[in-house]
2 protein chains.
Amino acid sequence: MKELTAEYMACPIRNVIDRFGDKWSLLVLYGLWRFNPQPLRFSELHKLMTDCSQKMLSQTLKSLEKNHLVSRKQYAEIPPRVEYCLTELGRSLMPAIAPLLQWSLDHFSEVTDGKVIV
Amino acid sequence: MKELTAEYMACPIRNVIDRFGDKWSLLVLYGLWRFNPQPLRFSELHKLMTDCSQKMLSQTLKSLEKNHLVSRKQYAEIPPRVEYCLTELGRSLMPAIAPLLQWSLDHFSEVTDGKVIV
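Right, let's walk through the structure included here. Counting of residues starts from 1 at the beginning of each chain's written sequence and follows it residue by residue. To label them, take the chains in the order written and letter them from A, then take the ligands in the order written and number them from 1. The predicted nature of this model means local features are confined to residues of pLDDT at least 70 and side-chain atom pairs, given and counted, to a pLDDT of 80 or more, with totals for whole chains, interfaces and linings taken over all residues. To obtain the side-chain values, all non-hydrogen atoms of the structure were used and water was disregarded.

Residue and element names in this part refer to chain A. For two strands to count as paired, DSSP must find a minimum of two bridges between them. Helix and strand definitions here come from DSSP, where helices need a minimum of 4 consecutive H or I residues and strands a minimum of 2 consecutive E residues; each element is numbered from the N-terminal end. The strand order across the open sheet built from three strands is β1-β3-β2, with neighbouring strands paired in antiparallel fashion. Sheet topology places β1 (40–41) and β2 (70–75) at the edges, where each strand pairs with a single neighbour. Bridge count for β2 against strand β3 (residues 81–86) is six bridges, and the pairing is antiparallel. Residue pairing in the sheet places S71 in a bridge with C85 of β3. We call two residues in contact whenever any of their non-hydrogen atoms come within 4.5 Å of each other. Only the stretch in contact is used when fitting a helix axis, every axis being a line fitted to C-alpha atoms; angles between N-to-C directions are given from 0 to 180 degrees. The sheet strands contacting helix α2 (residues 23–35) are β1, β2 and β3, and the helix crosses β3 at an angle near 90°.

Structural data, given as structure tokens:
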């Protein structure tokens, strides 16, 4: 075993992927990507992932915004309108996630044993 | 907005990626991949990710084994020797994760704002 590999291998996973590698973040990114460049409102995003609580969706969006993957635009209207879309950085991420999505489709039954959440 | 896209888009992310998309699972998979086909013992894996508690590492390995990504082999020795390696399914996953790792290296500073965990 080589020593001191931990820091090297931990780097991108700990510092970058860990910021958007959770289920809800990926669903938000994928939802925004599908409609890109059309921005989505909070309620439209929520329709795409109804089993995510509004609180969790709100936290997820804040985290993605903080990590520069999603941008939020608020319009001075009554009632206030808030729209979300991918940043340039967020758009650049999606081709890197695509092979993982494809693998997941290809090996769906092998991983899940057919126990599927619909 | 199209209706009923939730089930379609949720499928691979909810059912497959969610099973190994967390930081610790990715670190285990990546660690085993780096040493593949040499199997690693629990203590060797733990050396690669010392800030993961033994309990969390044990849970992560059980989950990856259950999802057919990691195999566990126990030798009838005293003290008992247990080794882990990637399954064929686990090995097939790694090329799909590689573009994500590369993206994370390429965009490290943009996502992290330089706030890095070493």
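Take the packing of α2(A) against helix α4 (residues 54–66) of chain A next. All names here are of chain A. Between α2 and α4, whose axes approach to 10 Å, the crossing angle comes to 75°. Overall, the two elements α2 and α4 adopt an arrangement that is roughly perpendicular. Of α4, the residues touching α2 (which contributes W24, S25, V28 and L29) are M56, L57, T60, L61 and L64. When residue character is reported, Ala, Val, Leu, Ile, Met, Phe, Trp, Tyr, Cys and Pro are called nonpolar, Asp, Glu, Lys and Arg charged, and the others, Gly included, polar. Here the contact of α2 with α4 is built from residues that sort into seven nonpolar, two polar and no charged. Here the angle decides the label: under 35 degrees means roughly parallel, over 145 means roughly antiparallel, 65 to 115 means roughly perpendicular, and every other value means oblique.

A few words now on α2(A). Expected span of a helix: the number of residues minus one, times 1.5 Å. With 13 residues, α2(A) should reach 18 Å at 1.5 Å per residue; the first-to-last C-alpha distance of 19 Å fits that figure. For every residue, the accessible area (1.4 Å probe, protein chains only) is compared with the maximum for its type, and the residue is labelled buried under 20%, exposed over 50%, or partly exposed between those bounds. Buried within α2(A) are the following residues: W24(A), S25(A), L26(A), L27(A), V28(A), L29(A), Y30(A), G31(A), L32(A) and F35(A).

We now examine the interface of chain B and chain A. Contact with chain B, which involves 59 residues of that partner, is made by 58 residues of chain A. Both sides together, the interface formed by chain B and chain A hides about 5,700 Å², and carbon and sulfur atoms give 71% of it. The term salt bridge refers to a side-chain nitrogen of Lys or Arg lying within 4 Å of a carboxyl oxygen of Asp or Glu. Taken together, the connections running from chain B to chain A amount to four salt bridges. Among the salt bridges present, the one from R14(A) reaches D51(B), with a minimum N-O distance of 2.4 Å. Within 3.5 Å is the distance limit for a polar contact, defined as a pair of N or O atoms, with the added protein rule that one can donate a hydrogen and the other accept it, and that residues adjacent in sequence qualify only through two side-chain atoms. For the interface between chain B and chain A, the tally reads four residue pairs in polar contact (both at pLDDT 80 or more). Those elements that provide at least two residues to the side of chain B that touches chain A are α1 (5–15), α2 (23–35), α3 (42–48), α5 (88–106) and α6 (108–112) of chain B. Buried area is calculated as the accessible area (1.4 Å probe) missing from two parts once they are joined, with the contributions of both summed.

What is shown is where atoms sit, not what they do.
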